[in-house]
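Understanding the architecture of this molecule
Read off the chains here:
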Amino acid sequence: MTAETAEKLGSLDILIANAGTNIRKRPETYTIQEWHQIVDTNLTSVFACCQAVYPLMQSQGGGKIVTIGSMTSIFGFDMAAIYAATK
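Residues numbered from 1 in each chain as written. Predicted model: local features only at pLDDT ≥ 70, side-chain atom pairs only at ≥ 80, totals over all residues. Heavy atoms only, no water.

1. A closer look at the pattern of salt bridges
Under the defined criterion, the tally for this structure stands at 4 salt bridges. The partner of Lys8 in a salt bridge is Glu4, and the shortest N-O contact between them spans 3.3 Å. Taken together, the residues span about one helical turn, with Lys8 and Glu4 both in helix α1 (residues 2-9) at a distance of 4 residues. Here Lys8 falls in the exposed class, since its relative accessible area comes to 65%. Here Glu4 falls in the partly exposed class, since its relative accessible area comes to 48%. Arg26 is the salt-bridge partner of Glu28, the closest N and O atoms lying 3.1 Å from each other. (Salt bridge = Lys/Arg side-chain N within 4 Å of Asp/Glu carboxyl O. Helix = DSSP H or I, 4+ residues; strand = E, 2+ residues; numbered from the N terminus. Buried < 20%, exposed > 50% of the residue type's maximum accessible area, 1.4 Å probe, protein only.)

2. So, the environment of Ala17
Assignment of secondary structure puts Ala17 in strand β1 (residues 14-17). Along the sequence, Ala17 and Thr41 sit 24 residues apart, while their C-alpha atoms lie 11 Å from each other. Setting aside residues up to four positions removed in sequence, Ala17 forms contacts with Val46, Val66, Thr67 and Ile68. (Contact = heavy atoms within 4.5 Å.)

3. Notes on the nonpolar core
One finds Ala6, Leu12, Leu15, Ala17, Val46, Cys50, Val53 and Met57 forming the largest nonpolar core, which totals 8 residues. Sorting the residues of this core by element identifies β1 and α2 (32-60) as the ones contributing at least two each. By residue number, the principal contributor to this core is α2, which donates 4 residues. Grouped together as the second largest cluster of nonpolar side chains are 5 residues, Ile23, Tyr30, Val39 and Ile82 included. (Core = buried A, V, L, I, M, F, W, Y, C linked by side-chain atoms within 4.5 Å.)

Below you can see the structure in the form of structure tokens.
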């Protein structure tokens, strides 16, 4: 992904990591599969993208990585506990 982007555009200067998904339900009713779906999207995919772009940005002499959070991470929401924890 990063190599193809840099090849097509000439460089890779910024990553906006804005991945996010949620399943609204009470925390005790989540399945482990739903847990993994939310955590893998909201955390693992953001981490993987940041790791993927870093070497290229470093070799170019810099770049910007912006990760997007949520007010839910500050205030919480009982029907989005996993989402709030990942943001």
